[in-house]
Amino acid sequence: MADVMTNRLIEFRKVSRVYGSGEAAILALDSVDLAIQRHEFVAIMGPSGSGKSTAMNILGCLDVPTSGEYLFQGVPTSGLDRSHHTLLRRHMLGFVFQGFNLLPRTSAVENVELPLIYRGMASVERRERAIEALALVGLSGREHHTAQELSGGQQQRVAIARAIVTHPAVLLADEPTGNLDTKTSNEIMDLVTRLNREQGITVIMVTHENDIAAYAGRVLRFVDGKLESDAKRDMEAVHAL
Ligand SMILES: Nc1ncnc2c1ncn2[C@@H]1O[C@H](COP(=O)(O)OP(=O)(O)OP(=O)(O)O)[C@@H](O)[C@H]1O
Ligand SMILES: [Mg+2]
């Protein structure tokens, strides 16, 4: 109950994830302790193979810890069954990946509507919400273009619209600008920053690039499955510059 009163949204308590077993076992996450507050914008960095995607998969309820506990809004997720994990994913979490993962020959608006179909929302309301989400990411007028008719940056905007159309508490992004040029990457990051500040969405984003991590208020660095550093930036000071 205490976590409802505080702003703590996410907590890892000694979370480990082991892939495989015996001699071949890989300790992808090694007893990670971590707390993320509502409305934070967190970047996750670290070398290839350091456990970033493993952590994101657990945060997104796509995977579960081998040991330790993941708490969401103070509730241990290990106590939830699969259908509750699915509900948590559909209602609280939005995902954006490097590769956009859109249906290529399907219109932007239909791509964005997909998560609402899973929710069983009526078609008129669904369409309204999808158009609203596309407007929020600056794609008004492109609703009926198919994904393959859009540029890389526009496709990533559609993917972000699809992630936020459910009004999630958390946006999880694994290298969202990995396939984009610098200018387009900065536009996408301005958009993500705006969603964080104006819509209050908590953002957790993996990136390899310092320039991209600089948009976040806090940088977590993983090395060999351990949380090696956790640096908060004084955003007031950054904005004052
Ligand atoms: N499904 C899996 N089965 C076995 N081992 C895995 C699996 N997924 C990841 N691993 C291993 O776990 C470790 C962490 O992988 P992870 O994908 O989390 O790294 P990452 O930090 O996201 O790397 P990258 O920057 O390359 O995306 C690596 O050693 C990887 O080989
Ligand atoms: Mg990864």
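This section reports on the structure supplied with the text. (Residues numbered from 1 in each chain as written. Chains lettered and ligands numbered in written order. Predicted model: local features only at pLDDT ≥ 70, side-chain atom pairs only at ≥ 80, totals over all residues. Heavy atoms only, no water.)

## Some details on the packing of helix α6 (residues 152-164) against helix α7 (residues 182-198)
Next, step 1: Relative orientation of the contacting elements α6 and α7 amounts to 20°, with a least axis distance of 10 Å. When the axes of α6 and α7 are compared, the pair comes out roughly parallel. Considering only the axes of α6 and α7, their crossing is right-handed. Facing α6, whose interface residues are G153, Q156, R157, I160 and I164, α7 presents T184, E187, I188, L191, V192 and L195.
Next, step 2: Considered class by class, the residues forming the contact of α6 with α7 number six nonpolar, three polar and two charged. (Axes fitted to C-alpha atoms, helices over the stretch in contact; angles between N-to-C directions. Helix = DSSP H or I, 4+ residues; strand = E, 2+ residues; numbered from the N terminus. Parallel < 35°, antiparallel > 145°, perpendicular 65-115°, else oblique. Left-handed = near helix turned anticlockwise from the far one by under 90°. Contact = heavy atoms within 4.5 Å. Nonpolar A, V, L, I, M, F, W, Y, C, P; charged D, E, K, R; others polar.)

## A look at the pattern of salt bridges
Next, step 1: According to the stated counting rule, one finds 12 salt bridges in the structure shown.
Next, step 2: A salt bridge links D230 to R218; the shortest N-O distance between them is 2.8 Å. In this pair, D230 sits in strand β10 (residues 226-232) while R218 sits in strand β9 (residues 218-223), placing the two residues 12 residues apart along the sequence.
Next, step 3: Judged by its relative accessible area of 39%, D230 falls in the partly exposed class.
Next, step 4: For R218, a relative accessible area of 4% corresponds to the buried category.
Next, step 5: Connected through salt bridges with shared partners, the residues R8, E11 and R13 form a single ionic network. (Salt bridge = Lys/Arg side-chain N within 4 Å of Asp/Glu carboxyl O. Buried < 20%, exposed > 50% of the residue type's maximum accessible area, 1.4 Å probe, protein only.)

## Notes on the environment of P176
Next, step 1: With respect to the helices and strands, P176 occurs in the loop between β7 (170-174) and α7.
Next, step 2: Of the residues examined, P176 reaches a relative accessible area of 3% and is grouped as buried.
Next, step 3: C-alpha of P176 to C-alpha of A122: the two residues are 54 residues apart in sequence and 30 Å apart in space.

## Description of the side chain of H85
Next, step 1: In this fold, H85 is placed in helix α3 (residues 82-92).
Next, step 2: Residue classification places H85 among the buried positions, given a relative accessible area of 12%.
Next, step 3: A polar atom in the side chain of H85 sits 3.1 Å from the backbone oxygen of T77.
Next, step 4: If we ignore the near neighbours within four places in the chain, the residues touching H85 are C61, V64, T77 and L80. (Polar contact = N/O pair within 3.5 Å; in protein donor to acceptor, adjacent residues only side chain to side chain.)

## Remarks on the pairing of strand β3 (residues 41-45)
Moving residue by residue along a regular strand, the side chains alternate between the two faces of the sheet.
Next, step 1: With five of five residues buried, β3 lies mostly within the body of the structure.
Next, step 2: Side chains F41, A43 and M45 of β3 all project onto a buried face; the interleaved residues V42 and I44 project onto the opposite face, where all are buried too.
Next, step 3: Where β3 lies against strand β8 (residues 202-206), four bridges are found, and the strand directions are parallel. Across the sheet, A43 pairs through a bridge with M205, a residue of β8.
Next, step 4: In this sheet, β9 lies alongside β3 in parallel orientation, the contact comprising four bridges. Residue pairing in the sheet places V42 in a bridge with R218 of β9. (Pairing = 2+ DSSP bridges.)

## Points about the sheet that holds strand β2 (residues 26-37)
Next, step 1: Read across the sheet, four strands follow the order β2-β1-β4-β5 without closing on themselves; strand pairing throughout is antiparallel. Looking at which strands have only one partner, the edges of the open sheet turn out to be β2 and β5 (75-76).
Next, step 2: One ladder, built from five bridges, connects strand β1 (residues 8-19) with strand β4 (residues 67-72); its direction is antiparallel. Note on β4: the bridge partner recorded for R13 is E69.
Next, step 3: The strands touched by helix α2 (residues 52-59) within the sheet are β1, β2 and β4, with β1 carrying the most contacts at an inclination of about 125°.

## What to know about the packing of helix α4 (residues 108-118) against α6
Next, step 1: At their nearest, the axes of α4 and α6 sit 7 Å apart, and the two run at 30° to each other. With respect to α6, the element α4 is oriented roughly parallel. Regarding α4 and α6, the two cross each other, and that crossing is right-handed. Contacts between α4 and α6 involve A108, N111, V112 and P115 on the former and, on the latter, V158, A161 and R162.
Next, step 2: Considering only residue class, the contact of α4 with α6 consists of five nonpolar, one polar and one charged.

## Remarks on unusual backbone geometry
Next, step 1: Positive phi is not limited to glycine here, since K14 has a value of about 45°.
Next, step 2: Looking at the secondary structure, you find K14 in strand β1.
Next, step 3: Phi at E175 is positive, roughly 50°, even though this residue is not glycine.
Next, step 4: Mapped onto the fold, E175 is located in the loop between β7 and α7.

Everything listed here is a matter of geometry and, on its own, says nothing about what the molecule does.
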